Structure formats: structure tokens, C-alpha cells
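A closer look at the structure
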Amino acid sequence: MEKRLKQCLGIDVSKQTLSLSLGYLTSDLKKDFTFHSDVSNSISGYKELLRWLKESVDSNVTMLIVMEATGVYHQGIAHYLYTQGYDVCIMQSGRVKRYAQSLDQRSKTDALDSRMLSMLGLERTIRLWHPPSKELQTLKLLSRERSSLLKDKTVETNRQGAIASSVYHNSKSLKRHKNRLKLLLTQIELIEEEMQELVMKSEELKRKIGFMISIPGISFISAATVIGETLGFDSIANAKQLASYAGYDIVLRESGNFKGKTRISKRGNSHIRAVLHMPSMTCVRCNPTLKQFYNRLKPKKAKPLVALIAVQRKLLILMYTLWKNEKDYDLEYENKKQQKHRTLAAQDNNLIAQFVS
């Protein structure tokens, strides 16, 4: 029997069931897979899975469990296995999709997807998942609820305006719409107060969000929403990955003589893009650095919105940098950077002059 180098359990998660595939990487670099019948996505199913793992897993070999992020349905099994001491990795759907496309596999079933996830874990070095703090989870839930209520508020405002402008309208109906709009505004205000209270209770959150709101144009709600949606940038390793996570990554479409439009992918967190729209408009007015950046880009773009989206991307990366480095925003940073470059260039010119002479 060949020696096992690595083992990985792939779990394809749905609302009701979990499809399971356990893969082994042997010393001759071959992959073997064993399957288990689907189990329910509930505590009883988790216990059945745990019994099977204890019977099938080699305790002397590294074990990894890989699953794809599926809204909220993966959270139960991920937390359960993590508390049992297993190494868990939750993959973003975009990365899983690109890996699946690289395989010579045309069919798609739950069993094949679990096998593919197991294979991914055997072949790649991937980052382990750790449960986010309760505060960050709550902050994300509150920001999502606020976002939903803001959409409802827009709908109610438009309906109220349409009814008021109509020749034939019912005064009682208009009153009900006004009451609903008043209720939405009250609930949005309550949620924002809860977000404030939650952050104030955590010294770390309060301190680190303070670094982000030191940027002119960034409000507490904008910073708190970004932190909630990224769970404190926990799974973000660099600025490029963050831009992709938020859907700000650039997509080029060119082939031969064909030159397509260059645009952002929008294959990411739409809540982050939505909450950064108004701050970006404020920043191009009151933030000297981003205002200069926007004015430099605007004449080169067909639409001003393109330059504004570039400001949003830069703003998001700036928030990430301040959060990670735990520093306040420096209005003179760009000027200091340019001065440093000019000083270095002058030193190089002096050295060249001395060498020539």
C-alpha cells in the first residue's frame, strides 16, 4: 500500500444536504477518493459525518476540510468541524469556479463537486479559516439589515411620490405609505445606533475604525459596513485580493484587432461598492489627495463615473492599509513621498556628476 502524504475532505454544501468526498494523495502522487452517501445539513448529519471521519481518516497524516462559501448554509458545518479540532478552509466561489474550469470535467453534480473540492485541497496550499468574532458577525448582520431597509426606503419614497403626483389618488393610501416610510426611517436610525454601541463596547474595534474615519469623507457607517462585510479583512492577504473581493478588479477584453471595453468585474461584494459611492463623491471635494487623483483621471475617461469608481477602489485600499498598519490618515503623505523621490533623484544626479567628472 502506497504511503499517504495528505488527505482532504471535500464538502459540497446545499441548504438540505452535504455531499462528501474524502481524497488521499499517495507517495507516487496519485489521488484516491472514497465517498459517503449524502448527510443532512443538521446536527444529526454532522455527527454522522464525524463518525465516518474517525473511521476513515489516517490520524498520522495531515487532514484538511474544504468547502465553498454558500451564503449562510456552510456556516453550521464549518463551525462544528472547527470546534472538533479539524483544519477547515472556506473557498470563495470565484476561485472554486476557475479551478473547476481547469479540469477535464463536463458534468456537474454534487458528488463531482465534492470530489473537485477534495482535489483542490490535495493539490493547492490554501489558507485556513478561523471563525470571526461575535462582534464582527453582528456588525455584518446589522449592516446587511440596514442595506435592505435603505432599498425599501427608496421603493417607498418612489411610490409615495408617484401617488402624490397622480390625478386620482387615495388619501388613506398615501397616509399608509407615509407611515411605512416613517417606520423604515426609525428602524434605520435604531440600527445605526446599535452599530455605534457595538463598536464602542470593543476597544479594538473602536480604535481601528478610528484610523479609517480619519480619512476625510469617510463616515462611521461607511467604515463599519466595510469592516462588517470583510469581517475585519480577516481573509484578505493583499490589496489586489481586496479589490477582487469587492468586484473592483479590472477586466480587459482584447483579441487581435478587437478592442473591447475595460471595466470592473462587479463579481464581488456589492454591499461594499454601494456604501463607498457617496464617500467617494465627498472625497473628490474635501480630500486633497483623492481630489487631485480624480481630476487627473477624469479628462482621460469617457465618463466621470469611471474616474469616481477608481477613487472608490483607491479609497477601499487606503482603508485596508490604515486598518492593517494601525495608523491615522496623513494628509501630507503624498507630498512627503514626492519630496523623498525628488531628494533621491537629486542624490543620484550628484553621484553621476561626480563619477563623470
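This structure is a prediction, so every number in the text was calculated from the model and none was measured.

On to the pairing of strand E2 (residues 17-26), then. Here E2 lies mainly inside the structure; 9 of its 10 residues are buried. Note that strand E1 (residues 4-13) and E2 share 9 bridges and pair antiparallel. Paired with Val13 across the strands is Leu18, a residue of E2. The loop that links E1 with its antiparallel partner E2 comprises 3 residues. Sheet analysis places E2 next to strand E3 (residues 31-40), joined by 8 bridges and oriented antiparallel. Across the sheet, residue Tyr24 finds its bridge partner in E3, namely Asp32. The hairpin formed by E2 and E3 contains 4 residues between the paired strands, and Leu29 there has a positive phi angle of roughly 65°.

Following the sequence through the fold, Asn269 ends up in the loop between strand E9 (263-264) and helix H10 (270-275). Reaching out from Asn269, the side chain makes a polar contact with the side chain of Glu229 at a distance of 3.0 Å. Those residues in contact with Asn269 that sit more than four places away from it in its chain are Arg144, Glu229, Tyr245, Ala246 and Gly247.

What follows deals with the sheet that holds E3. Whether parallel or antiparallel, the strands of a sheet pair through hydrogen bonds between backbone atoms. Taken in spatial order, the 5 strands make up an open sheet running E3-E2-E1-E4-E5, and their pairing is mixed. The outermost strands of the open sheet, each flanked by one partner alone, are E3 and strand E5 (87-91). For this sheet the average axis-to-axis angle between neighbouring strands, irrespective of direction, equals 20°. Its contacts with the sheet put helix H4 (residues 110-123) on E1, E2, E3, strand E4 (63-68) and E5, and the angle it makes with E1 is roughly 145°.

What counts, and where the lines are drawn
Residues numbered from 1 in each chain as written. Predicted model: local features only at pLDDT ≥ 70, side-chain atom pairs only at ≥ 80, totals over all residues. Heavy atoms only, no water. Buried < 20%, exposed > 50% of the residue type's maximum accessible area, 1.4 Å probe, protein only. Helix = DSSP H or I, 4+ residues; strand = E, 2+ residues; numbered from the N terminus. Pairing = 2+ DSSP bridges. Polar contact = N/O pair within 3.5 Å; in protein donor to acceptor, adjacent residues only side chain to side chain. Contact = heavy atoms within 4.5 Å. Axes fitted to C-alpha atoms, helices over the stretch in contact; angles between N-to-C directions.

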